[in-house]
Amino acid sequence: MPAFSPSSIFAFPFLSGASSLRHPAILFVQGFVHLDSMKGSVSSRLSSKHGRVLKDEDANSASDSTDDDDEDYSISMDYQSSDTGEDDTADEKAEDDANHKTRVPCWHCKNCTARNICSKILCGVCREHRESGILLQGHRAPSHLPAKFLEQVQNLKEELSCQDGRIKLTATPTLASVGCISECESCTLVGYDERMLLHFQIQGHSIDDRPVHPERPNRLEALLSGLFADGLLPGRCEKIVAREATHDELEMVHTKGHIEFVEAPIDDANGYTFDTYKNNHSALAAKVAAGICAELALSIIRHKARNGFALVRPPGHHAEAFGVKGFCYYNNAAVAARVAQKAGAKKVLIVDWDVHHGNGTQDIFNSDPSVLYISLHRYDASYFYPQSGSVHEVGFGFGEGFSVNIPWNFSGVGDGDYINAFLHIVLPIARQFSPDLTIISAGFDAAIDDPLGLCKVTPAGFAHMTHLLTSLSKGRVLVVLEGGYNLRSVSASAAAVLKVLLGENPGSLPENVRPTQAGKKAIRDVIAVQSRYWTALKTKLARTQTKERDLKKGVAVHGPIWFKWGRRKLVYAHWCKVLYPRYHSPW
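All of these numbers come straight from a predicted model, not from anything done at the bench.

What counts and what doesn't
Residues numbered from 1 in each chain as written. Predicted model: local features only at pLDDT ≥ 70, side-chain atom pairs only at ≥ 80, totals over all residues. Heavy atoms only, no water. Pairing = 2+ DSSP bridges. Helix = DSSP H or I, 4+ residues; strand = E, 2+ residues; numbered from the N terminus. Buried < 20%, exposed > 50% of the residue type's maximum accessible area, 1.4 Å probe, protein only. Polar contact = N/O pair within 3.5 Å; in protein donor to acceptor, adjacent residues only side chain to side chain. Contact = heavy atoms within 4.5 Å. Core = buried A, V, L, I, M, F, W, Y, C linked by side-chain atoms within 4.5 Å.

**Remarks on the sheet that holds strand E7 (residues 238-239)**
Taken together, the eight strands give an open sheet; going across it, the order is E7-E6-E8-E13-E12-E9-E10-E11, and neighbouring strands pair in parallel fashion. In the strand order of this sheet, the two ends are held by E7 and strand E11 (403-408), each with one partner. Summarising the sheet, strand E6 (residues 188-191) and E7 pair through two bridges and their orientation is parallel. Its bridge partner lying in E7, Val190 is registered against Lys239.

Here's what the structure looks like:
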């Protein structure tokens, strides 16, 4: 496949309109820069914090390297390619020289990958410090202070602890020090392996390179650092022994041609699809991610653990049976579901709250009544990537009615909309389905401040959704990491979810959390469609229709409106809450 260029955007009509701002690859498109100075050797640059090693690849083909000590670099003000051939004319070379002079020094934010000019200390988008320590402490790191400040505070704590005669503080442990799995039905398992960090975009896999792809290894580094900072790892969780998924496990979901395509070596290590990159380690990382999910599902079904959290990348819910898509290679949640069914689970529930519709997961189980797929995602009248997930997509054949899509047609979706959808759609259908295992495709790109999702779900909102799902399938829940591209939001949300898996109460949401009018309409539309397949929704549909009929007839369901502000406001409240409780509901 030819290398992706900015001109390729016109080959995809949905990227050229207003919806282009919502596409997962838009940061890569907007961050496209001249690559004439990118002749350095490719290094895996694995963080020493997690025991990673420096490893050069293709050194023989990249003997000339750029000066990596120079922290600032230049980004072209236009999007023309700077690759020139021997047959270039003098005018073209002169134009390239002029473009080179128009470059301005910039830096990429570690948190959201936004470009900023070097004169700025804080990111203009997320207000993260240029030298933030988010990779050291995750969401616990101060956003407005540099990493050097954290090191000074740590050294000061160690000195004070030594003076007081207490035990000297040690460095943050790595996951390699986490104990192996212990057979305990009440324990929580985590799955992680450093080989997944080898999957990166060769040209721009770190903040010092360009351009920065949103699906980057820093996502896992920041998430893991946040779990360490919160004390959740390694003491409170058990780590499984990571392994690669076997071909038999992958073939339960994907075709042989797809598996061979992913594992095939590539000549151009940077080109794969227009939104999904690949290097020589991507196939290994994808197999490890799928294998971790499969192993966690087996452990939960065999009663070796109560629940688990798969800290994996690359994500998987866009991967179809026959092709890669949307940063995804193998469908991790689908592999875990099939492995669990082979181990004895008859029915599996997959709840996908990633802001993008899991088109791959839905396509794989479209005709399978043993797997119920429920997705909450932005749809925006089919303008939001991947342009699927309409409320009328309900499956076909024997699987008709077992695909439930809750599409949002607006941005800024918050806790109230999600919790309302869980209470009135997800939980009633899931309880009627009665699954043996619940799998959560936990994409945190619906979190607040995410550059792609543009939604407002808080860590508390994710915690409450997880808590509601733990009431299903006797608490057997597997959480699989999907998207999420704001490091601080991903770290905080993942920590909140893991705390719920460990048995902590998420507390109560603020009283002002209410669903929006657009969210209510979306939920009513879903109930109208899904009530044909699920009897648990018929009562809610009847209540909605009764209210709409009363409003058309002019029935005063709340009493005289002036009671609300006068001396009879208590009477008004009593009328709403007691005499007409159905009208006081979110409907």
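**Section: the side chain of His254**
Within the secondary structure, His254 is located in the loop between helix H7 (247-251) and helix H8 (256-263). Judged by its relative accessible area of 3%, His254 is buried. A polar side-chain atom of His254 sits 2.9 Å from the main-chain carbonyl oxygen of Glu320. Apart from the residues lying within four places of it in its own chain, the contact partners of His254 are Ile259, Ala319, Glu320, Ala321, Tyr329, Tyr330 and Asn331.

**Side note on helix H13 (residues 459-469)**
Among the 11 residues in H13, eight count as buried, and that is most of the element. Here H13 has its buried residues at Gly461, Phe462, Ala463, His464, Met465, Thr466, Leu468 and Leu469. Residues of H13 that are buried in the fold lie against strand E9 (348-352), helix H12 (415-433), strand E12 (437-442), strand E13 (477-481) and helix H14 (487-501).

**So, the nonpolar core**
Membership of the largest hydrophobic core comes to 116 residues, with the highest contact counts inside it found for Phe309, Trp353, Trp408, Ile439 and Phe444. Here this core takes 13 residues from helix H9 (residues 282-301), the largest share from any one element. In this view, Phe309 contacts Leu189, Val190, Gly191, Leu296, Phe444, Val479, Leu481, Ala494, Val497, Leu498 and Leu501; residues no more than four positions away in its chain are not counted.

Purely geometric stuff here, so don't read any function into it on its own.
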